[in-house]
Amino acid sequence: VQLQASGGGLVQTGGSLRLSCAASGSIFMINPMGWYRQAPGKQRELVAGITSAGSAHYAVSVKGRFTIYRDNAKNTMYLRMNSLKPEDTAVYYCNFQGLSATRQRGEYWGQGTQVTVSS
């Protein structure tokens with residue numbers, strides 16, 4: 001199973017970006033779990049999570065500005081980020097859990113996509 005994250009970039013304060021993360025490979029069942037981020041010198045933190053039923057939860061720092069959603073048919077998870085702030089600058093990682101075609105349970109991470117917000 002491979003995850004391909006995309007959509008990061010450089011944006012000014014107040015701007016918007018949409019991150020995508022698509023799962024591919026020998027998949028039996030895949031379930032997107034959430035988006036994390038890691039800023040330089042800081043620990044990785046959960047930004048937004050989503051349940052199998054589609055319910056979302058957010059870190060306090062992004063609530064009201066970020067929206068997580070999924071397209072099950074495409075095995076893809078998204079993070080819409082509005083009203084971006086310089087403190088949102090980080091590498092963003094997507095996280096999935098699931099079963100490979102050989103029924104091996106695994107936790108999968110995307111390669112990370114850089115988001116930089118300039119002031």
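In this numbering scheme, every chain counts its residues from 1 along its sequence in written order. At least 70 in pLDDT is required for a residue's local features to be given in this predicted model, at least 80 for side-chain atom pairs to be given and counted, and no such filter applies to totals for whole chains, interfaces and linings, which use all residues. Note: side-chain values were computed over all heavy atoms of the structure, leaving out hydrogens and water.

*Asks:* How do you make sense of the overall build of the protein when you look at a structure like this?
*Replies:* Numbering goes from the N terminus for both helices and strands, where a helix is a DSSP run of H or I of at least four residues and a strand is a run of E of at least two. Across its full length, the protein holds zero helices and eleven strands. When the elements of the protein are put in sequence order from the N terminus, they spell out β-β-β-β-β-β-β-β-β-β-β. Its C-alpha atoms give the protein a radius of gyration of 14 Å, near enough to 14 Å, the size a compact globule of 119 residues would have. Taking the principal axes of its C-alpha atoms as reference, the protein extends roughly 50 × 25 × 25 Å. Here the protein holds 119 residues, and 41% of them are scored as buried. Whether two residues touch is decided by their heavy atoms; if any such pair falls within 4.5 Å, the residues are in contact. Contacts in the protein between residues at least 24 apart in sequence constitute 54% of all its contacts with a sequence separation of at least 6. Note on method: radius of gyration uses C-alpha positions; expected globular size equals 2.2 Å times residues raised to 0.38. For every residue, the accessible area obtained with a 1.4 Å probe (protein chains only) is divided by the maximum for its type, and the residue is called buried under 20%, exposed over 50%, and partly exposed between those limits.

*Asks:* Even after reading the chapter, I still don't get the pairing of strand S9 (residues 90-100), so can you show me in this structure?
*Replies:* Working note: regular strand, side chains alternate between the two faces of the sheet. Of all eleven residues in S9, nine are buried, a share of seventy percent or more. The pairing of strand S4 (residues 27-38) with S9 spans ten bridges and is antiparallel. Bridging across to S9, Arg37 finds its partner in Tyr92. Strands qualify as paired when DSSP identifies two bridges or more between them. One ladder, built from three bridges, connects S9 with strand S11 (residues 113-118); its direction is antiparallel. Its bridge partner being in S11, Tyr92 is matched across the sheet by Thr113. Of the strand pairs in this sheet, S9 and strand S10 (residues 105-109) are connected by five bridges, and their pairing is antiparallel. Note on S10: the bridge partner recorded for Phe96 is Tyr108. The antiparallel pairing of S9 with S10 creates a hairpin that spans four residues between the two strands, and Arg103 there sits at a positive phi of about 70°.

*Asks:* It is not clear to me how the environment of Ala53 should be interpreted in this structure. Could you clarify?
*Replies:* Note that Ala53 resides in the loop between strand S5 (45-50) and strand S6 (56-58). Since its relative accessible area comes to 72%, Ala53 is described here as exposed. Sequence separation between Ala53 and Gly8 is 45 residues; the distance between their C-alpha atoms is 27 Å.

*Asks:* How should unusual backbone geometry be read in this particular structure?
*Replies:* What is expected of a backbone is that most residues other than glycine have negative phi and most peptide bonds are trans. Positive phi, close to 50°, is recorded for Ser83, a residue that is not glycine. Assignment of secondary structure puts Ser83 in the loop between strand S8 (76-81) and S9. Unlike most non-glycine residues, Arg103 shows phi in positive territory, near 70°. For Arg103, the location among the structural elements is in the loop between S9 and S10. Owing to a relative accessible area of 48%, Arg103 belongs among the partly exposed residues under this scheme.

*Asks:* I'm lost on the pattern of salt bridges in this one. Help?
*Replies:* Opposite charge on two side chains makes pairing possible when the charged atoms of those side chains draw close. Counted as salt bridges are all cases of a side-chain nitrogen of Lys or Arg within 4 Å of a carboxyl oxygen of Asp or Glu. Overall, the coordinates contain three salt bridges when judged by the stated rule. Measuring nitrogen to oxygen at the nearest pair gives 2.9 Å for the salt bridge that ties Arg37 to Asp88. With Arg37 in strand S4 and Asp88 in the loop between S8 and S9, this pair connects stretches of sequence that are 51 residues apart. Each member of the pair, Arg37 as well as Asp88, is classed as buried. The network of salt bridges with shared partners includes Arg37, Glu45, Arg65 and Asp88.

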